[in-house]
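Listed below, chain by chain, are the residues.
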Amino acid sequence: MTEIRQEPSEVPVRRRFVRTALVVGAVAAVTAVALTFTVPSGQAERAATPDRPTATKEAVKPGAGNEAAQLLEGIALAAEHAEAPAGIRDDQFVYIKSKVAWTTQTNDEPAKLQAIHEREVWKSVDGSRKGLLDEPYQGFDNEPLDAETPGIASNTNYRHLQTLPTDPDKMYKWLNSVSEGSNSKDEANFVLVGDLARESLMPPAQAAALYRAAAKISGVFVIDDTVDAAGRHGVAVARVDRGQRFELIFDRKTKEFLGERTVAVEDLPFGFKKGEVTARTAILDRTVVDKAGQRP
């Protein structure tokens, strides 16, 4: 499901690919501008190195930097050896609990970062059943989510993800074929990697291929130490686009995905100053349950 984020007319529209669909009307007054996970606002950032490029075009080279490619290979190996829940049935649901804070903007007022709040989502294993979203802060109190339409290449239910390539080159081609929105194909691909890591259950072989494919995305570099919305420190792979740095955060030892954050690397036209966090998340739980609304 796709969420289109409208922004002020002078700011390009950015589309986050796999965010669970918001219900029309319930958020009509709130316009999301950016998305990712975080360290405290205004925290000083590391200086750029050859593998930590700045936003200049000269710094962007084909494929990830060497350090980022090595980190992504380690993440891929960890994903490859992870165990998926045993005996997953089509009638079950993937349950994901997270802490999130999105950027919002109302009318012509400056954008602001929401308070960190909990979000729970239940997604049908085979996509055929209605899911559920519980995010009271946003006005969603056990809000039903539509079932996925069969046959769409961008579906994110577990059974469809099992059909994706396990070869990194083929996975990269899949990313190119289904990612959309954003300012460039590299940005769209990186956003899609983050969306899949955050709010889906990726089978181990496909998850490994996804992270190896991410090493083929230009401009990806490493942030040695960053913090997710739950306050956990980790290492991140990141990209800079349109004045913001988008970070995917992983546990330094286990290489498990922790969350994301987005940081302004320059003063932004919709209100944020350089160094301020514009979005943050943290995954707290990810498992399979028997019915929508059930908590582990």
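Before reading on, note that the structure itself is shown above.
Let me sum up the structure you'll find in this document. Per chain, the residues get numbers from 1 upward, laid out in the order the sequence is written. Whole-chain, interface and lining totals are the exception, using all residues; otherwise, since this is a predicted model, local features are given only for residues with pLDDT of at least 70 and side-chain atom pairs are given and counted only at 80 or more. As a rule here, side-chain values cover all heavy atoms of the structure and leave hydrogens and water aside.

**Structural notes on the overall build of the protein**
Filter applied, for reference: Under the DSSP-based scheme used, a helix requires at least four consecutive residues in state H or I and a strand at least two consecutive residues in state E, with every element numbered from the N terminus. Buried residues are those whose accessible area, probed at 1.4 Å on protein chains only, stays under 20% of the maximum for their type, while exposed residues exceed 50% and partly exposed ones sit between those limits. Throughout, a residue-residue contact means that at least one pair of heavy atoms, one from each residue, lies within 4.5 Å. All accessible areas in this document rest on Shrake-Rupley with a 1.4 Å probe, and a residue is counted as covered only by the protein chains that are shown.
Looking only at helices and strands, one finds 5 helices and 14 strands in the protein. Across the 296 residues of the protein, 51% fall into the buried class. Within the protein, residue pairs in contact and separated by at least 24 positions form 62% of the contacts whose partners lie at least 6 positions apart. Here the protein displays about 12800 Å² of accessible surface, and carbon together with sulfur accounts for 50% of that area.

**A short note on the layout of surface pockets**
This is how it is decided: Here a cavity is any set of points on a 1 Å grid over the protein atoms alone where a 1.4 Å probe fits but cannot get out, and a pocket is any open set with protein on both sides within 12 Å along at least 5 of 7 lines; a residue lines the site when it has an atom within 4 Å of a point. Grid points are joined across faces, edges and corners, and a volume is the space filled by probe spheres set on the points. Ten residue types, Ala, Val, Leu, Ile, Met, Phe, Trp, Tyr, Cys and Pro, are classed as nonpolar, four, Asp, Glu, Lys and Arg, as charged, and the remainder, Gly among them, as polar.
The space that makes up the largest pocket amounts to roughly 590 Å³. Listed by contribution, the elements that provide at least two residues to the lining of the largest pocket are α1 (66–80), α4 (185–198), α5 (204–214), β13 (257–264) and β14 (277–289). Its residues assigned to classes, the lining of the largest pocket comprises 19 nonpolar, 2 polar and 6 charged.

**Remarks on the pattern of salt bridges**
What counts here: Any carboxyl oxygen of Asp or Glu that lies within 4 Å of a side-chain nitrogen of Lys or Arg is treated as forming a salt bridge with it.
On inspection of all chains with the given rule, the structure shows 19 salt bridges. Close ionic contact of Arg159 with Asp90 constitutes a salt bridge, the shortest N to O distance being 2.5 Å. Taken together, the positions of Arg159 in helix α2 (residues 158–161) and Asp90 in the loop between α1 and β4 (93–101) put the pair 69 residues apart, joining distant regions of the chain. The salt bridge partner of Arg245 is Glu247, with a shortest N-O separation of 2.7 Å. The same class applies to Arg245 and to Glu247, which are both buried. Sharing partners across several salt bridges, the network here consists of Glu73, Glu80 and Arg212.

**Brief notes about the environment of Val289**
Tracing the backbone shows Val289 in strand β14. With near-sequence residues (within four places) excluded, Val289 lies in contact with Gln92, Phe93, Tyr95, Trp122, Gln294 and Pro296.

**Quick look at the packing of helix α3 (residues 168–178) against α4**
So the rule is basically this: Between N-to-C directions, angles span 0 to 180 degrees; the directions come from axes that are lines fitted to C-alpha atoms, helices contributing only their stretch in contact. Any angle from 65 to 115 degrees is called roughly perpendicular, while one under 35 is roughly parallel, one over 145 is roughly antiparallel, and all others are oblique.
Between α3 and α4, whose axes approach to 9 Å, the crossing angle comes to 105°. Classified by the angle their axes make, α3 and α4 are roughly perpendicular. Between α3 and α4, the residues in contact are Tyr172, Trp174, Leu175, Asn176 and Val178 and Lys185, Asp186, Asn189, Leu192, Val193 and Leu196, respectively. Here the residues of the contact of α3 with α4 sort into 7 nonpolar, 2 polar and 2 charged.

**Structural notes on the packing of α3 against α5**
Close contact between α3 and α5 brings their axes to 8 Å; oriented N to C, the two are set at 75°. Taken together, the axis directions place α3 and α5 in an arrangement best described as roughly perpendicular. Between α3, through Pro168, Met171, Tyr172 and Leu175, and α5, the contact on the second element is made entirely by Gln206, Ala209, Leu210, Arg212 and Ala213. Grouping the constituent residues of the contact of α3 with α5 by class yields 7 nonpolar, 1 polar and 1 charged.

**Examining unusual backbone geometry**
Although it is not a glycine, Asn142 adopts a positive phi angle of roughly 50°. Positionally, Asn142 belongs in strand β9 (residues 140–145). Given the relative accessible area of 38%, Asn142 is considered partly exposed. Its identity is not glycine, yet Lys255 carries a phi of approximately 65°, on the positive side. With respect to the element layout, Lys255 can be found in the loop between β12 (244–250) and β13. On the accessibility criterion, Lys255 (23% relative accessible area) is partly exposed.

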